[in-house]
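In case you want the letters, here they are:
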Amino acid sequence: MRTQRQVVDYSLQKRALLRDVHNGKVGTLEVCDASPYLKNAARFHGEPTDDRCPVCRRDNLTLVHYIYGDELKQSAGQARKVAELPALAMTLREFQVFVVEVCQSCAWNHLIEQYVLGQDALQADELDQGGAVASSASGRHRETGSSSHRREGRQ
């Protein structure tokens, strides 16, 4: 996605957690704890992948994209399909996307990525391509906002 920025990848954290599961330091009941809401979001809004579950290896994983941001109001915290994100990015200034992988069979779930989308990136691209000279000459300034919503991956 063109406007994707501030990407945080949790693959190293996932790898360390899976190593602990396979070594017996962490039980599968501790990591296979997806809530019924998350499993329903995966069923109705998730994007299927070709990757097998790293814990049970029975089912393919599903990616669920949750959106958060001040401009979303009542829609904040909802799961959305990937196809809906570009339209939201063109209409909203800034919002965060959290990507969670879910196994429908064993309830494995893990936050795998988070990033920011929105029009602010388009405006920054325009400034980088020569709009900065015109903006500074006319005395206009663009303020950048940041979402106060932060979420951490599983420790």
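Residues numbered from 1 in each chain as written. Predicted model: local features only at pLDDT ≥ 70, side-chain atom pairs only at ≥ 80, totals over all residues. Heavy atoms only, no water.

### As for the nonpolar core
- If you look at the biggest cluster of nonpolar residues, it comprises 14 residues, and the most contacted ones within it are Leu38, Val64, Tyr66, Val100 and Val102.
- Listed by contribution, the elements that provide at least two residues to this core are helix H3 (36–45), strand S3 (60–68) and strand S5 (95–103).
- Those residues within four positions of Val102 in sequence are excluded, and the remaining contacts are Leu38, Ala42, Asn60, Leu61, Thr62, Val64, Trp108 and Asn109.
- Grouped together as the second largest cluster of nonpolar side chains are 13 residues, Ile67, Leu88, Val99 and Leu117 included. (Core = buried A, V, L, I, M, F, W, Y, C linked by side-chain atoms within 4.5 Å. Buried < 20%, exposed > 50% of the residue type's maximum accessible area, 1.4 Å probe, protein only. Helix = DSSP H or I, 4+ residues; strand = E, 2+ residues; numbered from the N terminus. Contact = heavy atoms within 4.5 Å.)

### Considering H3
- Listed as buried for H3 are Leu38, Ala41 and Ala42. The arc that holds every buried residue of H3, seen down its axis, measures 100 degrees, which confines them to one face. Set apart from the buried face of H3 by more than 90 degrees, the exposed residues are Pro36, Tyr37 and Phe44.
- Buried residues belonging to H3 abut S3, strand S4 (79–80), S5 and strand S6 (109–117). (Arc of directions from axis to C-beta.)

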